[in-house]
Amino acid sequence: MQRETWATRTGFVLAAVGSAIGLGNIWRFPYVTYENGGGAFLLPYLIALFTAGIPLLIFEFAIGHKYRGSAPLALRRISEKWEWLGWWPVLVSFVITLYYTVVIAWAVSYAWFALTQAWGADTKGFFFGSYLGLPDTFWPTGGLQPSVAIALILVWIASFLIMVRGVSEGIERANKIFMPLLLVLMLIITLRGITLPGAVEGLNHLFTPDWSKLFDGKVWLAAYGQIFFSLSVGLGVMITYASYLPKKADLTNNAFITALANSGFSLLAALGVFGAIGFMAQAQGVPVNEVAAGGVGLAFIVFPQILNSFPALGGLFGFLFFVALVVAGMSSLISLVNVVAQSVADKFGISYKQAVIGVHVVAFLGSLLFATKAGLIYLDIVDHFINNYGIALIGLAEVVAVFWIWKIFGPLADHADSVSDFRVSRPWLLLSAGILTPILLTVMAWKALAADLA
Ligand code: PFF
Ligand code: NA
């Protein structure tokens, strides 16, 4: 079967960056940084980036490029009996799309609400009550929530219209529009955030290091977790994207560009978000840490509150913020859907287009579960397991297999070197990705399991 390739060199980098930059950068990174020691978190974060994030990116690019296949096909080419290991990330990617689309759908609705600030004064009551329709029983049931379901349909239609055009006409072209657009949106939002009255207080909070946190194991695990999720490694996304590269492509260089662009964007988002939080704290006369709520709440409850008290143009800035979330989310979503579609196409000999149609139908139906009145509850549970076991365990299996089972570390590094301008350091890769990362990931999965069983 003829395999598509990226039309341009920048097309691949933009698609990889588009996958990396997502919901995780805009609301997760600022919050995780704040929770884990503010300025002091940056040290574990950078260490995780250079010991796990970048090495894994180089390996995933090299695996996809050398063996020219989605994760299961690439693994079958490495060794027949390991193909099953490649289906594991495909399954996890599929499950993530089911609820990632729902969070994007919320952002679509909120971009619309922002124009008139339709959420009113009680932004919390609006989000959980009027919008999600969450029943307050212990094990809630209840049918579809129409406000969420309609936005969800739009998200899946947009994803379908992009992907049905294929890799270069669809994914590549979409990212060529999405990434510059996202950068402009984020620059506007950040500039507004850091120039709001009181912004300095928020930034102080973000960057005042709490050095004692450096001795807390949880902080280091949070740093590795953030790096894996944020760089989209461990799910076969980058393996599949690299399989569309032409023979000549600088893998090592592209891995560094992707990682640095992703971290730079996270920093930009954190500045804007914490500037806005400082403003809110000043306006309400409360300490900054009372405003800085995490996760879903930060984007859909705290942000609408902040926009309500904007000096001017709160509606417009709100619209831009939620559009930025949608754009960041869509470019990550298509990378996940692509893993599933390409793996199915590679395995069953159907065309990419047929696989795209099939995956959209099944995933759309599955995602409806999270658009029910109890959807948020299911979302929390599934997300917890995916983040704590799914991604970390696949990452662990990946490094152990590459270094210690298949022992293809040398050939992969040689392969990366053969197409790159500079040589990757073998001791760096071996010590960081071959030894340190598996130990840390084992500890991480172990701790999560112990906490869940307790
Ligand atoms: N990297 C994306 C984010 O930070 O939001 C999320 C993501 C996309 C994770 C694709 C994993 C993945 F394979
Ligand atoms: Na993205």
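- In the nomenclature of an unreviewed UniProt entry, the protein chain is known as Transporter of Marinithermus hydrothermalis.
- Taken from UniProt, the Sequence similarities (unreviewed entry) comment for the protein chain reads in full: "Belongs to the sodium:neurotransmitter symporter (SNF) (TC 2.A.22) family."
- Under the UniProt heading Subcellular location (unreviewed entry), the entry covering the protein chain gives this text: "Membrane".

**Topic: the environment of Pro311**
Part 1: Looking at where Pro311 falls in the secondary structure, it is placed in the loop between α14 (295-308) and α15 (314-348).
Part 2: On the basis of neighbour count, Pro311 is assigned to the exposed category, with 9 C-beta atoms found within 10 Å.
Part 3: For the pair Pro311 and Leu196, spaced 115 residues apart in sequence, the C-alpha separation works out to 8.6 Å.

**A short note on the site of ligand 1**
Part 1: Around ligand 1 lies a shell of 15 residues, among which Gly22, Gly24, Ser232, Leu235 and Val237 are the nearest.
Part 2: The set of elements that each furnish at least two residues to the shell around ligand 1 consists of α1 (9-20), α2 (23-35), α10 (217-231) and α15.
Part 3: Here the shell around ligand 1 is composed, by residue class, of six nonpolar, nine polar and no charged.

**Side note on the environment of Phe279**
Part 1: On the secondary structure map, Phe279 appears in helix α12 (residues 251-284).
Part 2: Along the backbone, Phe279 and Ile306 are 27 residues apart, and their C-alpha atoms lie at a distance of 8.0 Å.
Part 3: Sequence-distant contacts of Phe279, that is, excluding residues within four places in its chain, are made with Leu196, Pro197, Gly198, Ala199, Gly202 and Ile306.

**As for α1**
Part 1: Taking 1.5 Å per residue, 12 residues should reach 16 Å; α1 reaches 17 Å between its end C-alpha atoms and fits that length.
Part 2: Counting buried positions over the 12 residues of α1 gives 10, a clear majority of the element.
Part 3: As for α1, its buried residues are in contact with α8 (167-194), α10, α11 (237-242), α12 and α15.

**Details of the packing of helix α5 (residues 83-116) against helix α16 (residues 352-367)**
Part 1: Contact pair α5 / α16: the axes reach a minimum separation of 9 Å and the direction vectors enclose 60 degrees. Classified by the interaxial angle, the pair formed by α5 and α16 is oblique. Judged by the sense of rotation from one axis to the other, the crossing of α5 with α16 is right-handed. Here Phe94, Thr97, Leu98, Thr101 and Val102 of α5 lie close against α16, whose contacting residues are Ala363, Gly366 and Ser367.
Part 2: A breakdown of the residues in the contact of α5 with α16 according to their chemical character gives four nonpolar, four polar and no charged.

**What about the nonpolar core?**
Part 1: Leu57, Ile104, Tyr224, Leu325 and Ala341 are the most contacted members of the largest nonpolar core, which totals 158 residues.
Part 2: In terms of residue count, α15 provides more of this core than any other element does, 18 residues in total.
Part 3: Here Leu57 is in contact with Leu231, Val233, Met238, Ala255, Thr258 and Ala259, once residues within four sequence places are set aside.

**Re α2**
Part 1: The terminal C-alpha atoms of α2 lie 18 Å apart, and with 13 residues this matches the ideal 18 Å at 1.5 Å per residue to within 8%.
Part 2: A maximum bend of about 35 degrees is found in α2 at Phe29, where proline Pro30 lies one to four positions downstream.
Part 3: Within α2, 12 of the 13 residues are buried, which leaves it mostly tucked inside the rest of the structure.
Part 4: All buried positions along α2 are accounted for by Leu23, Gly24, Asn25, Ile26, Trp27, Arg28, Phe29, Pro30, Tyr31, Val32, Thr33 and Tyr34.
Part 5: At the exit of α2 stands Gly37, carrying a positive phi of roughly 100 degrees.

Analysis parameters
Residues numbered from 1 in each chain as written. Chains lettered and ligands numbered in written order. Predicted model: local features only at pLDDT ≥ 70, side-chain atom pairs only at ≥ 80, totals over all residues. UniProt positions renumbered as here; feature names shortened; annotations may be inferred. Helix = DSSP H or I, 4+ residues; strand = E, 2+ residues; numbered from the N terminus. Buried ≥ 20, exposed ≤ 12 C-beta atoms within 10 Å, placed from the backbone. Near = placed C-beta within 6 Å. Nonpolar A, V, L, I, M, F, W, Y, C, P; charged D, E, K, R; others polar. Contact = placed C-beta atoms within 7 Å. Expected span 1.5 Å × (residues − 1). Axes fitted to C-alpha atoms, helices over the stretch in contact; angles between N-to-C directions. Parallel < 35°, antiparallel > 145°, perpendicular 65-115°, else oblique. Left-handed = near helix turned anticlockwise from the far one by under 90°. Core = buried A, V, L, I, M, F, W, Y, C linked by C-beta atoms within 7 Å. Bend = angle between axes of the 7 residues up to and from the residue.

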